[in-house]
Amino acid sequence: MELKIEHVTKSYGSKQVLNQVTLHLKPGILGLLGPNGAGKSTLMRMLSTLEKPTSGVITWNSVDIAQHPDELRAELGYLPQDFGVYPNMTPVEFLEYMAAMKGLTLKSARKRIDELLEILNLSNDRKKLLGGFSGGMKQRVGIAQALLNDPSLLIVDEPTVGLDPEERIRFRNLLSTMSSNRIVILSTHIVTDIESIAPDIAILFRGRLVNFTTPEGLIQRADNKVWLSIFPSSELQEMQEKYIISSSIHRSDGVHARIVSDFRPSQNAVLLPSTLEDAYLYAVSPLGGAS
């Protein structure tokens, strides 16, 4: 099982959204990180056969998915960022409809739906209309439809938006248990969704792949570049303009800021261990080579 993305570029008229992206993926979880506008959703739509590259090729088990999309569609599960439901259907009716669209028999679909509703904590809501669901509940229904056909390639785009902390943990654990025998691509801008489950990380920035590494490898790049600096609150705006500040908190002696910088930002600054979030901010900054 292998997904290859080879020198993929995508343009809309004169606007280039992706530029020469190359990735080779085998079973496991890939965390795809990048700020809004980096090209993540465009790449997801191409991987799910909804769009074609302007140039380059994407292959699933050596088959070009632009030329033969059905080869992948039968093994694909996809949760787009903007997922909609039919408000006058129940979860069961909606998932049975989606199962029919995927070619599942009614018998196998009903068994799978029962399993997924239990896993996603929706069993007690199976007969309620989707129009009355919260955003988080609708997102869980979206996750269920992506898993209906037990896909070999699962693509989820910003899947934890709208989920409460307990639901996010449940979903991350679900992805982790599923990843041994399938390729899972988790696209997000939330670093904490990645660091607990993804052994590989790809970072997109302005349409380019700026890193493809492990969490440990990314963190090492930010070693000796993370500082705790304390300064008056009146200097906060100036410091934000000069440095990458990953977090800050107001205390009685001033602002305690976590700063990512190649050089000591102030005389009182002391080095801190780097985190994945620090390393991500460094990677998408000019300091880390992004531009």
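Going by the annotation in an unreviewed UniProt entry, the name recorded for the protein chain is ABC transporter ATP-binding protein, with Paenibacillus woosongensis given as the source organism. Under the UniProt heading Sequence similarities (unreviewed entry), the note attached to the protein chain is "Belongs to the ABC transporter superfamily."

An order of 12-13-11-14 is seen for the four strands of this open sheet, with the pairing classed as antiparallel. Each edge of the open sheet carries a strand with a single partner, namely strand 12 (244–251) and strand 14 (270–271). Bridge count between strand 12 and strand 13 (residues 254–260): seven bridges; the pairing is antiparallel. When the bridges of strand 13 are listed, isoleucine 245 appears paired with isoleucine 259.

Another aspect to go through is the packing of helix 3 (residues 91–101) against helix 5 (residues 135–147). At a minimum axis separation of 10 Å, helix 3 and helix 5 run at an interaxial angle of 30 degrees. Between helix 3 and helix 5, the angle is such that the two are roughly parallel. Considering the relative orientation of helix 3 and helix 5, their crossing is right-handed. Here Phe94, Leu95 and Met98 of helix 3 lie close against helix 5, whose contacting residues are Val141, Ala144 and Gln145. When grouped by side-chain class, the residues that make up the contact of helix 3 with helix 5 number five nonpolar, one polar and no charged.

In this section: the sheet that holds strand 8 (residues 183–188). If you walk across this open sheet you meet the six strands as 6-7-8-3-9-10, and the pairing is mixed. At either margin of the open sheet sits one strand with a lone partner, and together these are strand 6 (76–79) and strand 10 (208–213). Averaged over all neighbouring strand pairs, the angle between strand axes comes to 15 degrees, with direction disregarded. Both strand 9 (residues 200–205) and strand 10 contribute to a ladder of five bridges, which runs antiparallel. Bridge assignment links phenylalanine 205 to a residue of strand 10, and that residue is arginine 208. Docked against the sheet, helix 1 (residues 40–47) engages strand 3 (28–33), strand 6, strand 7 (153–157), strand 8 and strand 9, running at close to 150 degrees with respect to strand 8.

Scoring rules and cut-offs
- Residues numbered from 1 in each chain as written.
- Predicted model: local features only at pLDDT ≥ 70, side-chain atom pairs only at ≥ 80, totals over all residues.
- Heavy atoms only, no water.
- UniProt positions renumbered as here; feature names shortened; annotations may be inferred.
- Pairing = 2+ DSSP bridges.
- Helix = DSSP H or I, 4+ residues; strand = E, 2+ residues; numbered from the N terminus.
- Axes fitted to C-alpha atoms, helices over the stretch in contact; angles between N-to-C directions.
- Parallel < 35°, antiparallel > 145°, perpendicular 65-115°, else oblique.
- Left-handed = near helix turned anticlockwise from the far one by under 90°.
- Contact = heavy atoms within 4.5 Å.
- Nonpolar A, V, L, I, M, F, W, Y, C, P; charged D, E, K, R; others polar.

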